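# Summary of structural features
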Amino acid sequence: MTNRRTGHVLLGINVLVLGYLPAAWKTPLLNKDSFIDPDYWANLGKTAERGTLDALFLADGPLLGDPAYDANPIRLEPTVNWGQVAAATSRVGLVATASSTFNDPFELAERLLSWDHQTGGRAAWNLVTTRGAAAARNFGMPEIPFRDDRYERASEFVDVVRALWDSAETGRDVHHHGEFFDIDGRLRVPTSKQGRPVIFQAGGSPQGRALAGRVAEGVFAAELTKNQAIEHYRLVKGFALDNGRSPDDIKILPGLLLSLGSTEEEARRRSDEIHDAGPPSYSIGWLSQAIGYDASTLKLDEPFPEAVLGPIKDTQTFLGSIGFRESIVAQIRKTNPTVREYLKQTRYTGSGHAGFVGTPEQLADHIEDWFHAGAIDGFNLQPDRLIDGLAVIVDELVPILRKRGLYRHEYETATLREHFQAASPTPPL
C-alpha cells in the first residue's frame, strides 16, 4: 500500500431505479409501481442522508431500454424526480444526468440553476453525449451523430451553459456565436447557494477524458482493475493541470457493483439468487453491447478470441462506451478467463464497472486499498437491489469507514461543492 492519504473518501450511490440486476423488482419488499412511487424515492434519499452520503446519481433514459439486458428500461426525468427527494432531505447531493446531444443549453442552464436553488445548493449535472440510434429518433434524428461530432457539440454546449451561469452573477448578456449555438441573452435566475451546479462527466473516451480535465468537478468512471484506475486517475488529473486547474478541482468516482452479506457465502448466494431470477440473456446482452461484438456467438467455456479484444475498427460508429470497453478488455487480458469465468467475475453483468461480492468489512478493505493507492477519490456504489442493499451500506459499511478515519461522522458542509472540497486532497501525481 502507498502512503496513507489524509481526509476522507467520497461516497455516492448510483440509483439504478431498483438495482443493477434486472430481477431486483421481484422482491416482496417492492410493489409494481415502486419506480414511480414518491415514497420509494423519498425513502432512498432519507436513507442515504442517514449515512451522511455525499450524493445520489440518476441516469437519464431518453428511450425505452431493452429488458433483455437493461435492468432499468424505464426511468423518470432526473431533475423532476430529484425534486421529490430534495423535499425529503437537506444535505445529500443530487446528480442528474442530461445529454448535450438532445438538450438546448439555455433551457438546461436555466432548469439546472433553478433546481440548484430548490435543493439548497445540492445539484449537479452529469454531462453525457448519449449513444444509440433509438434515443436519437425520439428527438427527430435519423441516426446518432458520430462520436467526434457529439463531443464537439458537448464542448461548446458546456461552455455556453457555464457562460450563462456566469451571467446570473454578473447580470451581463452572453453573446455566443459558435458552430452549434447562437445565444444573445442571460438567465433570469440568480446564482445559487453554491454559485452554480457541480459538473460531472461520465465519458471514458479520449474526448471525454479531455473534456473532464477542462470543465468537470467530478468524473463517474468505469474501472475493473486497480492499476488501470490509477492510470486513469493520473491522466484526468493531469488534464486538469494542463488546463490551469488544481488536481483537487476534479474528483474521480468509479462505479462499483455490490452484493453484500454478513458472510462472503451469504453475499454470493444473494448475488446468484437475484441473477438467476432474471432473464438468462441478460449477461450476454449486456456484454455484447458493451464490447460491440455479438457475445452469443462465443463459446462460454473458451477464452475470448483476439478478434473480440482488438482495437475498435471505427470509433465514430461504435455505439458502446469506449471507457467500458477499455476496462473490460484490460480485465480480460489480465486474467485470460473463459467467457463464463469473466461473466462470473463481473457478477453476471458484462459491465465495465467492477463487481464486488462480500461483507461490509471486506468492502471497507477494498475502498481503503484503492483510496490510499491513489486510484480513486471515492466510489459510486451500485447495489444489486436498492430497497435493502442501500441500508447495508449506510448502517454497516459507513460505520466501519468511520472507525478507520476514512469517513465523516456528521455532515460538516451544506452544499455538494463543499462536500467535494472537504474531501481528501489529491496525492502527488
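For the structure itself, look to the data block above.
To keep things clear, this report deals only with the structure shown in the data block. Values in this document were obtained by computation on a predicted structure and should not be read as measured data. (Residues numbered from 1 in each chain as written. Predicted model: local features only at pLDDT ≥ 70, side-chain atom pairs only at ≥ 80, totals over all residues. Heavy atoms only, no water.)

## Some points on the overall build of the protein
Convention followed: Helix and strand labels come from DSSP, where a helix needs a run of H or I of at least four residues and a strand needs a run of E of at least two; each type is numbered from the N terminus. Radius of gyration here uses only the C-alpha atoms, and the compact-globule reference equals 2.2 Å multiplied by the residue count raised to the power 0.38. The buried label goes to any residue with under 20% of its type's maximum accessible area, the exposed label to any with over 50%, and the partly exposed label to all in between, with areas taken from a 1.4 Å probe on protein chains only. Between two residues, a contact is recorded if the distance between any of their heavy atoms is within 4.5 Å. Shrake-Rupley sampling with a 1.4 Å probe provides the accessible areas, and residues are treated as covered by the protein chains on show and by no other component.
Within the protein, the regular secondary structure consists of 15 helices and 11 strands. Whereas a compact globule of 429 residues would reach a radius of gyration of roughly 22 Å, the protein reaches 21 Å, a difference of no more than 12%. When the backbone C-alpha atoms are referred to their principal axes, the protein occupies close to 65 × 50 × 50 Å. Among the 429 residues that make up the protein, the fraction classed as buried is 58%. In the protein, 77% of the contacts between residues at least 6 apart in sequence involve partners at least 24 apart. On the protein, roughly 17,400 Å² of surface is accessible, and the fraction owed to carbon and sulfur atoms is 51%.

## A short note on the nonpolar core
A general trend in soluble globular proteins is that nonpolar side chains are found buried together. As a reminder, the rule being used: For the purposes of this section, nonpolar cores are sets of buried Ala, Val, Leu, Ile, Met, Phe, Trp, Tyr and Cys residues that join through side-chain atoms within 4.5 Å.
Of all hydrophobic cores here, the largest spans 101 residues; its most connected members are W82 and W125. Considering every element that reaches this core, the biggest residue donor is helix α5 (residues 147-170), with 9 residues. In terms of nonpolar packing, the next biggest core, distinct from the first, is built from 11 residues, V95, F200, L253 and A423 among them.

## Observations concerning helix α2 (residues 78-88)
What counts is decided by this rule: Taking the helix axis as origin, the arc is that swept by the directions to the C-beta atoms.
Among the residues of α2, P78, T79, N81, W82, V85 and A86 are the ones counted as buried. The arc enclosing the buried residues of α2, seen along the axis, measures out at 155 degrees, which places them on a common side. Away from its buried face, by an angle of more than 90 degrees, α2 presents the exposed residues V80 and A87. Those residues of α2 that are buried lie in contact with α1 (38-50), β2 (55-58), β3 (93-99) and α3 (105-118).

## What about the environment of A373?
When you line up the elements, A373 lands in the loop between α13 (360-372) and β11 (378-383). Residue classification places A373 among the buried positions, given a relative accessible area of 13%. With 369 residues separating them in the primary sequence, A373 and R4 have C-alpha atoms 8.2 Å apart.

## Regarding the pattern of salt bridges
Formally: By definition, a salt bridge exists where a carboxyl oxygen of Asp or Glu is found within 4 Å of a side-chain nitrogen of Lys or Arg.
Tallied over the entire structure, the rule returns 28 salt bridges. A salt bridge links K237 to D377; its shortest N-O distance comes to 2.9 Å. One end of the pair, K237, is in helix α7 (residues 226-242); the other, D377, is in the loop between α13 and β11, with 140 residues separating them in the sequence. For E306, the salt bridge is made with R333, and the minimal N-O distance between the two is 2.8 Å. Pair noted here: E306 is in helix α10 (residues 306-309) and R333 is in helix α11 (residues 322-335), with a separation of 27 residues, a long-range link. A single network of salt bridges, built from pairs that share partners, joins R4, E361, D365, E368 and R404.

## Regarding α13
In plain terms, the rule: An expected span of 1.5 Å times one less than the residue number is assigned to each helix.
Counted at 1.5 Å a residue, the expected span for α13 with its 13 residues is 18 Å, and the 18 Å between its end C-alpha atoms agrees. Of the residues making up α13, those classed as buried are P360, L363, A364, H366, I367, E368, W370, F371 and H372. The inward-facing, buried residues of α13 abut β1 (10-14), α7, β9 (251-260), β10 (354-358), β11 and α14 (386-403). G374 occupies a position one or two residues after α13 and carries a positive phi of about 75 degrees.

## Regarding the packing of helix α9 (residues 282-291) against α11
How two helices sit against one another is set out by the angle between their axes and by the gap between those axes. Condition: Angles here are taken between N-to-C directions and fall from 0 to 180 degrees, while the axes themselves are lines fitted to C-alpha atoms, restricted in helices to the stretch in contact. For classification purposes, angles smaller than 35 degrees are called roughly parallel, those larger than 145 roughly antiparallel, those between 65 and 115 roughly perpendicular, and all remaining angles oblique. Classes in brief: Ala, Val, Leu, Ile, Met, Phe, Trp, Tyr, Cys and Pro nonpolar; Asp, Glu, Lys and Arg charged; the others, Gly included, polar.
Look at α9 against α11: their axes get within 8 Å of each other, and the N-to-C directions meet at 110 degrees. For the element pair α9 / α11, the angle class is roughly perpendicular. Mapping the contact onto sequence places W286, L287, A290 and I291 in α9 and F324, R325 and I328 in α11. Split into classes, the residues belonging to the contact of α9 with α11 amount to 6 nonpolar, no polar and 1 charged.

## Side note on the pairing of β9
Successive residues of a regular strand alternate their side chains across the two faces of the sheet. Here is the rule we go by: One requirement defines pairing of two strands: DSSP has to find at least two bridges between them.
The buried count for β9 comes to 10 of 10 residues, which makes it a mostly enclosed element. Here β9 shows a buried face lined by K251, L253, G255, L257 and S259 and a second buried face lined by I252, P254, L256, L258 and L260. Relative to β9, strand β8 (residues 218-221) is paired through 4 bridges, and the arrangement is parallel. Considered in β9, the bridge of A221 is made with P254.

## A word on the packing of aromatic side chains
The line we're drawing: Under the pairing criterion, centres of Phe, Tyr and Trp rings, with the six-membered ring standing for Trp, must be within 6.5 Å; the plane angle then separates stacked pairs below 30 degrees from edge-to-face pairs above 60, leaving the rest tilted.
All told, the structure shown has 11 aromatic pairs when counted by the stated rule. On the basis of an interplanar angle of 5 degrees and a centroid distance of 4.5 Å, the ring pair of F102 and F139 is categorised as stacked. Of the two residues, F102 is situated in the loop between β3 and α3 and F139 in the loop between α4 (133-138) and α5; the sequence distance between them amounts to 37 residues. Their ring planes at 85 degrees and their centres at 5.8 Å tell us that F304 and Y342 sit as a pair that is edge-to-face. Within this pair, whereas F304 is found in the loop between α9 and α10, its partner Y342 is found in helix α12 (residues 339-345), the two being separated by 38 residues in sequence. Grouping residues by exposure puts F304 and Y342 together as buried. Three or more aromatic residues joined by ring pairs form one cluster here, namely F57, F200, F220 and F420.

## Some words on the side chain of E368
Condition: N or O atoms within 3.5 Å of each other form a polar contact, as long as, within protein, one can give a hydrogen and the other can take it, and as long as residues adjacent in sequence are counted only when both atoms are side-chain atoms.
As for its placement among the helices and strands, E368 is situated in helix α13. A polar contact of 3.1 Å, which involves the side chain of E368, links it to the side chain of R4. What E368 contacts, discounting residues up to four positions off in sequence, is R4, R404 and L406.

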